[in-house]
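Descriptive structure summary
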Amino acid sequence: MSKAIISSLYSSDVFTMACRQFDQAADAISLPEAIRDRTKYPRRCLAVSLPVRRLDGSVTVFEGYRVQHNLSTGPSKGGIRFHQDVTIGEVAALAMWMSWKCSLVGLPYGGAKGGVIVDPKQLSEGELEHLSRRYMQEMVNFLGPHTDVPAPDVGTNEKIMGWMMDTYSTHVGHLSPAVVTGKPIALGGSQGRREATGAGVAYLIKKYLADMKIPVNKATAVIQGFGNVGSETALALEAYGAKIIAISDYTGGVYNAKGINIKKALAYIAYAKTLKDFDGAEPISNEKLLELKCTVLVPAALERVITEKNAKKLQCRLLAEAANGPTTNAADKIIEDRGDIELIPDVLCNSGGVIVSYFEWLQNLSSFYWSRDEVMQKLYVMLDRAKESVDAQKRKFKFSRRLAALTLGIGRVAEAKAARGLFP
Ligand code: GLU
């Protein structure tokens, strides 16, 4: 039983979901009571108001957050999300998942996440810059290269990271590239960072398909979400020879049993902004798309899209969680009971992004830069190691793959916290 005295600050379906995952993992490894709640709940958070002058001269105040879940194993690390549905509970859940992810893959980081309640598509470029700089300005005393290091997430990109890095550097009085990762290459960004999450997802899919004895060039893939992660996953899978039969964005999806040309779809989006009316395929709703018969299903958008409603109807062999938290607790149970779907859990599946963020941070701190080949090679070595450790844990304790990944990630954080002791 939890003894924590916790307010309703984070209460939300998604925070409850992350807590349930934690409780299951903590029970599975019999995590001592004395360390449980310290490992489970976020360490601290900051909520800020962000006034932005609009093009018409008016001022809009946006609300932003940063939740630092764990700082016991290094600076906290995690992206900043710009989305109209952001809540502090969601940001807290995402920060928890960053902690387990960094720990699982062996990065010297705790977990954090940031968010602003805004639809960035509704802002002009100037307004977006103003908002991004204002967010960093408010956070200056709360983060830093050895405290907390943000990165891109849903709705943010390298340009925004560049503005944030510039704002922080101006404040401290010298260039400080290591305060943020996922920057433009010209500002100390790493080779390969932009494609790292998707490239890592596709690499793990290829590895798991090999374990399942399915040749990648015979595989079909359905990808929900066509932002940075979804599109880079699609490109990498296409390069491996897989056939991408459906993709989608927030306006809906498109399906073509013969395969979609991903470069054409990207060229279309560059011009039309969304996939709507893309003529290389037929329209399909996001809901129907998730239930298509395929070899690999890749949710690459937001949380909680695989639910108890559709989990029974999935027709994939492999579920690769490119998004954070795409599968609810109830859906997880259904998938486990079905026993016919292999799952690559989010904390393993999408870890390529933060792994290359770590490489970027190392390059910034040492002012010594690596080639793209070096980055990708080191990324694949780390992914192989993480995959092997998860699969060994799964076999050893007969856990589901999610439970295997979470017990490893959570166990290491708990061990570090216990070793550091409790300050009186
Ligand atoms: N936002 C990404 C994630 O959820 C990347 C985080 C990072 O690179 O720090 O893993």
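In the block above lies the structure referred to throughout.
Attention here is on the structure that accompanies the text. (Residues numbered from 1 in each chain as written. Predicted model: local features only at pLDDT ≥ 70, side-chain atom pairs only at ≥ 80, totals over all residues. Heavy atoms only, no water.)

The next subject is the overall build of the chain. Across its full length, the chain holds 14 helices and 12 strands. Whereas a compact globule of 424 residues would reach a radius of gyration of roughly 22 Å, the chain reaches 21 Å, a difference of no more than 12%. For the chain, the residues scored as buried account for 59% of the 424 residues in total. As presented, the chain carries roughly 18,000 Å² of accessible surface, and 53% of it is formed by carbon and sulfur atoms. Counting 53 positive and 44 negative side-chain charges, the chain places the centres of these two groups 4 Å from one another. (Helix = DSSP H or I, 4+ residues; strand = E, 2+ residues; numbered from the N terminus. Rg over C-alpha atoms; globule rule 2.2 N^0.38 Å. Buried < 20%, exposed > 50% of the residue type's maximum accessible area, 1.4 Å probe, protein only. Areas by Shrake-Rupley, 256 points an atom, 1.4 Å probe, with all protein chains shown as cover. Lys, Arg positive; Asp, Glu negative; His and termini not counted. Charge placed at Lys NZ, Arg CZ, Asp CG, Glu CD.)

What follows is about the site of the ligand. Looking at the ligand, there are 14 residues lining it, with Lys77, Lys101, Lys113, Asp153 and Ser357 nearest. In this structure, an oxygen atom belonging to the ligand sits 2.8 Å away from a side-chain N or O atom of lysine 77. Residue arginine 193 places a side-chain N or O atom 3.1 Å away from an oxygen atom belonging to the ligand. For the ligand, the accessible surface in isolation is 300 Å², of which the surrounding protein chains cover 94%. Of all the secondary-structure elements, those providing two or more residues to the shell around the ligand are β3 (76–83), α3 (88–104), β5 (148–152) and α12 (352–366). (Near = heavy atom within 4 Å. Polar contact = N/O pair within 3.5 Å; in protein donor to acceptor, adjacent residues only side chain to side chain.)

The next subject is the sheet that holds strand β8 (residues 252–255). Reading across the sheet, the seven strands line up as β9-β8-β7-β6-β10-β11-β12 and stay open at both edges, with mixed pairing between neighbours. The open sheet has two free edges, formed respectively by β9 (282–284) and β12 (342–344), since each of these has just one partner strand. The mean angle between the axes of side-by-side strands here comes to 20°, regardless of whether they run parallel or antiparallel. In this sheet, β8 lies alongside strand β7 (residues 243–249) in antiparallel orientation, the contact comprising four bridges. When the bridges of β8 are listed, serine 248 appears paired with glycine 253. Packed on one face of the sheet, helix α7 (residues 228–240) meets β6 (220–224), β7 and β10 (296–299) and runs near 170° to β6. (Pairing = 2+ DSSP bridges. Axes fitted to C-alpha atoms, helices over the stretch in contact; angles between N-to-C directions. Contact = heavy atoms within 4.5 Å.)

This part is about the pattern of salt bridges. Pairing of side chains with opposite charge becomes possible as their charged atoms draw close. Summed over the entire model, instances satisfying the criterion amount to 27 salt bridges. Among the salt bridges present, the one from lysine 40 reaches aspartate 23, with a minimum N-O distance of 2.9 Å. Of this pair, lysine 40 sits in helix α2 (residues 33–40) while aspartate 23 sits in helix α1 (residues 13–28), and the two are 17 residues apart along the sequence. Overall, lysine 40 belongs to the buried group, its relative accessible area being 5%. Linking arginine 134 and glutamate 138 is a salt bridge whose minimum nitrogen-to-oxygen distance equals 3.7 Å. Linking arginine 134 with glutamate 138, this pair stays in helix α4 (residues 125–139), spanning four residues, or about one helical turn. On the accessibility criterion, arginine 134 (30% relative accessible area) is partly exposed. Exposure remark for glutamate 138: the relative accessible area of 33% places this residue in the partly exposed category. (Salt bridge = Lys/Arg side-chain N within 4 Å of Asp/Glu carboxyl O.)

Between α1 and α3, the least distance of the axes is 7 Å, while the angle of their chain directions is 30°. In terms of orientation, α1 and α3 fall into the roughly parallel class. As α1 packs across α3, the resulting crossing turns out to be left-handed. Of the residues in α3, those touching α1 at Val14, Phe15, Met17, Ala18, Cys19, Gln21 and Phe22 are Gly89, Glu90, Ala92, Ala93, Met96, Trp97 and Trp100. (Parallel < 35°, antiparallel > 145°, perpendicular 65-115°, else oblique. Left-handed = near helix turned anticlockwise from the far one by under 90°.)

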